[in-house]
Amino acid sequence: MTTKTDTIEGTVVEYVTAVIGGQLFGLPISRVQDVFMPERLTRVPLSSAEIAGVLNLRGRIVTVVDMRARLGLPRNDDGKPPMAVGVDLRGESYGLLIDQIGEVLRLPDDSREENPVNLDPRMAKLAGGVHRLDGQLMVVLDVDRVLEIVPDLLAA
């Protein structure tokens, strides 16, 4: 699966959008394996609060990362069930717990900007840039940065 499409105007990147704590995020579609509703989540003893637990998804053990905790946001108490975006890193399966899934957006790669200096530092360390959309800012999540601390957390 490819995320970049060359057109006459230039390179277009496809993003799966997600909302976490009211903020719009985009994940490059090439990194997204699936979208699912996590069920039967098993807590991992002594793990960080950022690790929501593990689950069995079609025969694979998936480590679920609570993106609200990862971003330093409070727990979601709106009563809606969370969604998860499945991603892989170095052959391991992860689920990123989000508030809600959005649509797939095709955006020109040259419209992606560097992180603004006033972007929340917790978001900035996980972001690979931003896209300015009509009335809102879409933060591009860098999946490698999101998951880079997970092995350290599991070993703790």
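Above this note sits the structure.
Definitions and limits used
Residues numbered from 1 in each chain as written. Predicted model: local features only at pLDDT ≥ 70, side-chain atom pairs only at ≥ 80, totals over all residues. Heavy atoms only, no water. Core = buried A, V, L, I, M, F, W, Y, C linked by side-chain atoms within 4.5 Å. Buried < 20%, exposed > 50% of the residue type's maximum accessible area, 1.4 Å probe, protein only. Helix = DSSP H or I, 4+ residues; strand = E, 2+ residues; numbered from the N terminus. Contact = heavy atoms within 4.5 Å. Pairing = 2+ DSSP bridges. 1 Å grid on protein atoms, 1.4 Å probe; cavity = no way out; pocket = protein on both sides within 12 Å on 5 of 7 lines; lining within 4 Å. Points joined across faces, edges and corners; volume = space filled by probe spheres on them. Nonpolar A, V, L, I, M, F, W, Y, C, P; charged D, E, K, R; others polar.

K.L.:
Looking at this structure, I do not really get the nonpolar core. What am I missing?
P.N.:
If you look at soluble globular proteins, the nonpolar side chains tend to sit buried side by side. Grouped together as the largest cluster of nonpolar side chains are 28 residues, with contacts concentrated most on L27, L96 and L147. Going through the elements one at a time, β2 (11–20), β3 (23–28), β7 (83–89), β8 (92–98), β10 (127–133), β11 (136–141) and α3 (143–147) are the ones with two or more residues in this core. Ranked by residues supplied to this core, first place goes to β7 with four residues. Residue contacts for L27: discarding those within four places in its chain leaves E14, Y15, V16, A18, V32, V85, L96, L141 and V143. Core analysis: the second largest hydrophobic core is formed by eight residues, F36, A52, L57 and L97 among them.

K.L.:
It is not clear to me how unusual backbone geometry should be interpreted in this structure. Could you clarify?
P.N.:
The general pattern is negative phi for most residues beyond glycine and trans for most peptide bonds. Although it is not a glycine, L46 sits at a positive phi angle of roughly 65°. With respect to the secondary-structure elements, L46 resides in the loop between β4 (32–36) and β5 (51–57). Its relative accessible area of 77% is what places L46 among the exposed residues. Its identity is not glycine, yet R90 carries a phi of approximately 50°, on the positive side. In this structure, R90 sits in the loop between β7 and β8. With a relative accessible area of 69%, R90 lands in the exposed category.

K.L.:
Explain the pairing of strand β6 (residues 60–66) to me, please; I cannot follow it from the model alone.
P.N.:
If a strand is regular, its side chains alternate between the two faces of the sheet. Of all seven residues that make up β6, five are buried, and the element is covered over most of its length. Here β5 pairs with β6 via six bridges, running antiparallel. Within β6, the residue paired with G53 across the bridge is V64. Here β5 folds back onto β6, and the loop between the two strands holds two residues, one of which, R58, carries a positive phi near 50°. Across five bridges, the pairing between β6 and β8 is parallel. Within β8, the residue paired with V62 across the bridge is S93.

K.L.:
Which parts of the structure should I look at to understand the layout of surface pockets?
P.N.:
To locate leftover empty space, one rolls a probe as large as a water molecule over the atoms. Volume-wise, the largest pocket comes out at about 370 Å³. Taken together, 18 residues form the lining of the largest pocket, with D66, R68, R75, N76 and L97 sitting closest to its centre. For the lining of the largest pocket, a count of residues per class yields 10 nonpolar, one polar and seven charged.

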